[in-house]
Amino acid sequence: MFAPNKNIQDKRIVIASNRLPVSVTSKNGNLQITPSVGGLTTALSSFHSKKASLWVGWPGINPTSSQHKKELEETLQNNFNCLPVYLSDSDLRKYYYGFSNRTLWPLFHYFSSYCTFDASEWETYQKVNQLFCRKLVETLHPDDMVWIHDYHLLLLPEMLREIMPDATIGFFLHIPFPSMEIFRYLPWREEILQGMLGADLIGFHTYDYTRHFFSSALRLLGKEQTYGKINAGSRMVTVETFPMGIDAEKFTRAVTSPAVKKEKIRIQESVNTEKIILSVDRLDFTKGIPEHLKAFERFLEKYPEWQERITYVLLCVPSRTKVQEYQQLKSDIDELVGKINGRFNVPGWLPVLYMYRSLPFEELSAFYSTADLALVTPLRDGMNLVAKEYLACQDQVGKGVLVLSETAGAAAELSEAVIVNPRNIEMMAEAIAFGLSVPDDEKRERIGLMAQRIKKYNIFRWTDDFIHHLGRNMEDRIQNQQRFLMGKYQNEIHECYKLAGKRLLLLDFDGTLVTLKKRPEQVRPDSELIKILGKLKADPKNTIVIISGRDRNYLADWLGDTGVEMVAEHGAWIYKSTHGDWYLSEPGTTNQWKESLYPVLEQFSERTPGSFIEEKTYALAWHYRNTDPEIGDIRANELVDTLRTLLSGTHLQVLLGNKVVEIKPSGVDKGKASLKWLESSEPWDFILAVGDDWTDEDIFAVLPEKAWSIKVGFIPFTKADYFLKSSNDVRSLLKSLPST
Ligand code: ADQ
């Protein structure tokens with residue numbers, strides 16, 4: 001199915017988003033096609049037109065006859081490389097206006113009081129995601145890369161993965177991913193997270209959104225991240241930050257074009273004040289438009305010397321006009337504009353010039369390059385491309401100032417802007433006054449630095465970066481899949497086992513032969529395991545060694561009768577049948593130190609509910625599996641740091657295992673313990689080592705090349721050559737080893 005060596009650049013990229021980059025309407029039976037407005041389509045259209053990708057989405061219209069459908073589909077395919085997904089009025093009402101824009105949009109922007117949670121809208125949301133899934137399945141070639149966009153299609157990655165397990169799927173969220181405390185309000189939060197985790201690569205605009213996603217995955221699904229990757233069974237999902245860029249050159253070039261120059265003259269003639277302030281927004285409650293207006297009003301009030309010398313141009317593009325809250329917002333804005341213009345009524349001066357429509361590119365660029373100050377102060381915004389478009393147009397002009405909201409994703413990159421709290425009207429009014437007073441040199445410097453940055457990390461770098469990461473993840477996935485001990489490897493291992501005269505099986509216990517439980521004492525070997533070990537041991541060619549971090553009394557009690565050999569406390573104690581009793585691997589090991597270190601662990605236990613201390617003969621272990629997962633990890637790292645400082649220069653070492661911090665004598669580990677068998681005079685011709693924990697890596701590290709090493713659970717950062725998914729699979733493997 002895969003062609004891993006095919007150059008990633010050559011692959012077809014299939015984009016899926018709610019809207020196509022063009023909107024279709026019909027007038028007197030004729031199709032009318034206009035570019036869709038919005039951050040996602042504006043930015044991605046540049047990429048789509050340069051790389052011949054296919055775009056799947058809603059065209060804005062449903063065909064009325066088969067002739068109409070044919071004409072529509074041919075036009076979209078031939079002229080725009082687009083493939084339509086048709087949505088009925090009821091789908092649109094419940095999936096688009098409903099679940100997407102009355103549940104997810106407000107929730108993800110921290111407007112939880114605006115949210116509705118309606119089960120039938122959720123059902124339609126699932127149904128529409130299925131519609132997209134079917135369309136993709138019909139269309140995809142095995143070599144394609146699928147790139148799914150935004151909050152309308154959060155379930156699509158997993159739906160597609162179920163039908164096409166080998167597909168290469170990327171997902172990018174254009175809006176914020178909220179903090180776990182907000183996200184958890186969603187009744188279908190687990191389903192949404194699972195849906196996203198169907199992708200190979202998940203991208204967010206800022207590191208904060210990425211962090212929030214990790215936190216939700218951990219707390220709501222119990223899925224930990226390791227080096228930015230989340231384990232999704234037999235795949236790793238990479239989660240990364242990709243701050244979206246724009247086609248900066250296109251805007252910069254436009255400023256000097258005759259069409260834009262002409263527009264600028266027209267603007268300067270119609271707005272005949274000394275300075276212009278500009279805002280450009282989709283009309284949406286997240287954009288903080290009433291707050292912009294109130295800040296401008298306050299500015300005029302506090303700095304009356306600017307009256308009659310300045311105009312605030314407020315450009316709003318209509319959006320979601322069928323949603324009642326948006327209609328209300330529109331009338332609030334109309335009223336505020338009327339109030340401000342009425343209040344400062346002077347013949348010949350209009351303080352606020354309000355335009356409620358979508359502007360053609362040239363006119364928009366002309367406004368950007370004319371404005372002395374851009375007021376980009378959304379209450380919450382995934383990124384905000386307007387800020388970047390303004391900077392690209394000011395690059396040549398260099399006279400502008402950007403006032404930017406701290407809650408826009410763009411603020412993470414544009415620190416030279418005048419950063420404000422968008423709910424603090426007084427602060428914004430001051431920022432306007434400050435912005436207008438900045439000396440020209442400083443303006444040029446600030447704009448120059450930011451413009452440089454957005455030119456470098458533009459929309460093409462952004463898409464390349466995303467696609468490159470997706471390709472890398474795909475190659476890793478193919479390689480890792482080949483490491484799962486299935487099919488031909490199972491046969492091979494059986495064959496080697498059968499032919500061998502002397503076999504050594506080094507097996508970890510917890511997490512490898514038995515599944516992990518909340519507390520160590522809840523785990524006991526069951527009769528099946530005893531039977532498996534007994535059968536293996538009965539073969540005289542076999543030596544079975546259980547290598548565990550457990551106390552030796554537990555092991556002796558549980559496994560003593562099976563005749564297996566044992567290593568306890570990560571290698572401190574050894575039990576060999578030839579020796580007949582337990583002995584210390586490092587004679588002279590002491591344990592008086594436990595007395596002085598116990599209080600340190602006790603302090604951490606008191607501060608971390610759910611954690612507890614386990615005392616072994618030559619080790620102390622602090623378990624934190626049952627703590628709040630984030631606090632547990634933080635405290636474990638703190639404890640490791642504290643102990644490393646305390647123990648430097650002593651004969652003790654600290655070990656961070658699977659939800660356990662352990663102190664034990666240095667010179668003792670599972671690897672060194674394994675050498676007691678590996679380096680014996682026995683002519684081993686079959687060696688198998690299986691483990692799930694970081695401490696088992698020490699065993700893998702000392703194995704000879706011919707050994708079979710198996711990691712239980714899918715964590716690619718391992719020295720083991722193969723993977724098995726669970727302790728059940730380990731048992732199946734052991735049971736399947738042929739009798740000789
Ligand atoms: P949007 O919420 O749509 O995008 P934004 O990033 O600001 O927000 O993009 C708006 C786009 O619409 C800009 O390209 C702008 O030029 C255009 N636009 C606005 N008003 C216009 C007008 N009157 N006429 C013509 N064009 C107009 C979502 C997220 C953002 C994120 C983007 C991209 O909400 O946070 O930055 O996706 O990921």
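Small disclaimer: the values here were computed from a predicted structure and weren't measured.

Trainee: Looking at this structure, I do not really get the site of the ligand. What am I missing?
Mentor: What surrounds the ligand is a group of 26 residues, the closest being His 174, Leu 359, Asp 381, Met 383 and Glu 389. A distance of 2.6 Å separates an oxygen atom of the ligand from a polar side-chain atom of His 174. Within the backbone of Leu 385, one N or O atom sits 2.8 Å away from an oxygen atom of the ligand. Its free accessible area being 710 Å², the ligand has 96% of it covered by the protein chains. Secondary-structure elements contributing two or more residues to the shell around the ligand are α1 (39-50), β12 (275-282), α13 (361-370) and α14 (385-397). For the shell around the ligand, the residue count by class is 12 nonpolar, eight polar and six charged.

Trainee: Teacher, can you tell me more about the domain arrangement of the chain here?
Mentor: Size of an interface: often given as the accessible area lost when the parts come together. What the domain assignment reports for the chain is domain 1 (15-97 + 124-241), domain 2 (252-456), domain 3 (488-586 + 668-736) and domain 4 (594-665). Just the C-alpha atoms count here: the centres of domain 1 and domain 2 sit 31 Å apart. In this complex, domain 1 contributes 14 residues to the contact, which on the side of domain 2 involves 13 residues. Of all residues in domain 1, Val 37, Tyr 97 and His 205 bury the most surface against domain 2, accounting for 46% of the area lost on that side. Here domain 1 is connected to domain 2 by three residue pairs in polar contact (both at pLDDT 80 or more). Every element with two or more residues in the side of domain 1 that touches domain 2 is listed here: α1 and α3 (89-108). At three residues, α1 tops the list of elements feeding residues into the side of domain 1 that touches domain 2. Residue classes in the side of domain 1 that touches domain 2 are distributed as eight nonpolar, six polar and no charged.

Trainee: Is there a simple way to think about the packing of helix α11 (residues 289-302) against helix α12 (residues 324-343) in this case?
Mentor: Packed helices, taken two at a time, are described by their axes: the angle between them and the distance between them. Where α11 meets α12, the closest approach of the two axes is 10 Å, and the angle between their N-to-C directions is 10 degrees. Classified by the angle their axes make, α11 and α12 are roughly parallel. Each of Ile 289, Pro 290, Leu 293, Lys 294, Glu 297 and Glu 301 in α11 lies in contact with α12, whose residues at this interface are Leu 329, Ile 333, Leu 336, Val 337, Lys 339, Ile 340 and Arg 343. Broken down by class, the residue content of the contact of α11 with α12 amounts to eight nonpolar, no polar and five charged.

Trainee: Explain α3 here, please?
Mentor: An α-helix turns once per 3.6 residues; consequently, residues spaced three or four apart project the same way. Taking 1.5 Å of rise per residue, the 20 residues of α3 would be expected to cover 28 Å, yet its terminal C-alpha atoms sit only 25 Å apart, more than 12% below that figure. Along its length, α3 reaches its greatest deviation from straightness, about 40 degrees, at Ser 100. One or two steps after α3, the chain reaches Tyr 110, where phi turns positive at roughly 70 degrees.

Trainee: What's the story with the sheet that holds strand β13 (residues 310-317) in this structure? I'm lost.
Mentor: Two modes of strand pairing occur in sheets, parallel and antiparallel, and in both the strands are linked by backbone hydrogen bonds. A sheet is described by the order of its strands in space; here six strands give the open sequence β14-β13-β12-β15-β16-β17, paired in parallel fashion. At either end of the open sheet lies a strand with only one pairing partner, and these are β14 (352-356) and β17 (418-420). In this sheet, neighbouring strand axes are inclined to one another by 20 degrees on average, regardless of whether the strands run parallel or antiparallel. Where β12 lies against strand β15 (residues 373-376), two bridges are found, and the strand directions are parallel. Each residue of the ladder has a partner; that of Ile 277, found in β15, is Leu 373.

Trainee: Could you clarify how one ought to interpret empty space enclosed by the protein in this entry?
Mentor: Over the atoms a probe the size of a water molecule is rolled, and this reveals where empty space is left. With the rule as written, the count across this model stands at five cavities of 30 Å³ or more. One number sums up the size of the largest cavity: a volume of about 430 Å³. Around the largest cavity sit 29 residues that line it, and Asp 510, Leu 516, His 623, Asn 658 and Val 660 are the ones nearest its centre. Mapped onto the lining of the largest cavity, the elements with two or more residues apiece are β23 (612-615), β24 (620-623) and β26 (660-665).

Trainee: Would you take a moment to explain the side chain of His 623 for this structure?
Mentor: Note that His 623 resides in strand β24. His 623 gets classed as buried once you look at its relative accessible area, which sits at 14%. Within the local environment of His 623, its side chain forms a polar contact with the side chain of Glu 614, the two groups lying 2.7 Å apart. Setting aside residues up to four positions removed in sequence, His 623 forms contacts with Pro 520, Ser 611, Phe 612, Glu 614, Lys 659 and Val 660.

Trainee: So what exactly am I meant to see when it comes to the packing of helix α4 (residues 119-139) against helix α5 (residues 156-163) here?
Mentor: Here α4 crosses α5 at 45 degrees, and the two axes come no closer than 9 Å. Comparing the axis directions of α4 and α5 gives the class oblique. Our pair here, α4 against α5, has a crossing hand that is right-handed. Only Leu 156, Met 159, Leu 160 and Ile 163 of α5 make contact with α4, whose side of the interface consists of Gln 126, Asn 129, Gln 130, Phe 132, Cys 133, Leu 136 and Val 137. Classifying every residue of the contact of α4 with α5 gives eight nonpolar, three polar and no charged.

Trainee: Can you help me understand the nonpolar core in this one?
Mentor: A general trend in soluble globular proteins is that nonpolar side chains are found buried together. Counting 100 residues, the largest nonpolar core has Leu 154, Phe 177, Ile 202, Phe 213, Leu 293 and Phe 299 as the members making the most contacts within it. With nine residues, the top contributor of residues to this core is α3. Counting contributing residues, this core receives three or more from each of domain 1 (15-97 + 124-241) and domain 2 (252-456). Excluding residues that lie within four positions of it along the chain, Leu 154 makes contacts with Leu 104, Phe 108, Tyr 125, Asn 129, Phe 171, Leu 173, Ile 192, Gly 195 and Met 196. Counting 68 residues, the second largest nonpolar core, distinct from the first, contains Leu 40, Met 145, Val 255 and Phe 367.

Trainee: What should I look at first to understand the pairing of strand β16 (residues 401-405) in this one?
Mentor: Along a regular strand, successive side chains alternate from one face of the sheet to the other. With five of five residues buried, β16 lies mostly within the body of the structure. For β15 and β16, the ladder comprises four bridges, and the chain directions are parallel. Directly across from Leu 375, in β16, lies its bridge partner Val 403. In the classification by handedness, the crossover that spans β15, the intervening α14 and the parallel β16 is right-handed. As paired elements, β16 and β17 share three bridges and run parallel to each other.

Trainee: Explanation requested: the layout of surface pockets in the structure shown.
Mentor: Counted as a void, the second largest pocket has a volume near 1,400 Å³. Taken together, 37 residues line the second largest pocket, and the ones lying closest to its centre are Glu 224, Thr 226, Asn 658, Lys 659 and Ile 715. The residue inventory of the lining of the second largest pocket, partitioned by class, reads 11 nonpolar, 15 polar and 11 charged.

Conventions and cut-offs
Residues numbered from 1 in each chain as written. Predicted model: local features only at pLDDT ≥ 70, side-chain atom pairs only at ≥ 80, totals over all residues. Heavy atoms only, no water. Near = heavy atom within 4 Å. Polar contact = N/O pair within 3.5 Å; in protein donor to acceptor, adjacent residues only side chain to side chain. Areas by Shrake-Rupley, 256 points an atom, 1.4 Å probe, with all protein chains shown as cover. Helix = DSSP H or I, 4+ residues; strand = E, 2+ residues; numbered from the N terminus. Nonpolar A, V, L, I, M, F, W, Y, C, P; charged D, E, K, R; others polar. Domains from an automatic or database assignment. Contact = heavy atoms within 4.5 Å. Buried area = accessible area lost by both parts, 1.4 Å probe. Axes fitted to C-alpha atoms, helices over the stretch in contact; angles between N-to-C directions. Parallel < 35°, antiparallel > 145°, perpendicular 65-115°, else oblique. Expected span 1.5 Å × (residues − 1). Bend = angle between axes of the 7 residues up to and from the residue. Pairing = 2+ DSSP bridges. 1 Å grid on protein atoms, 1.4 Å probe; cavity = no way out; pocket = protein on both sides within 12 Å on 5 of 7 lines; lining within 4 Å. Points joined across faces, edges and corners; volume = space filled by probe spheres on them. Buried < 20%, exposed > 50% of the residue type's maximum accessible area, 1.4 Å probe, protein only. Left-handed = near helix turned anticlockwise from the far one by under 90°. Core = buried A, V, L, I, M, F, W, Y, C linked by side-chain atoms within 4.5 Å. Right-handed = clockwise from strand over helix to strand, strands pointing away.

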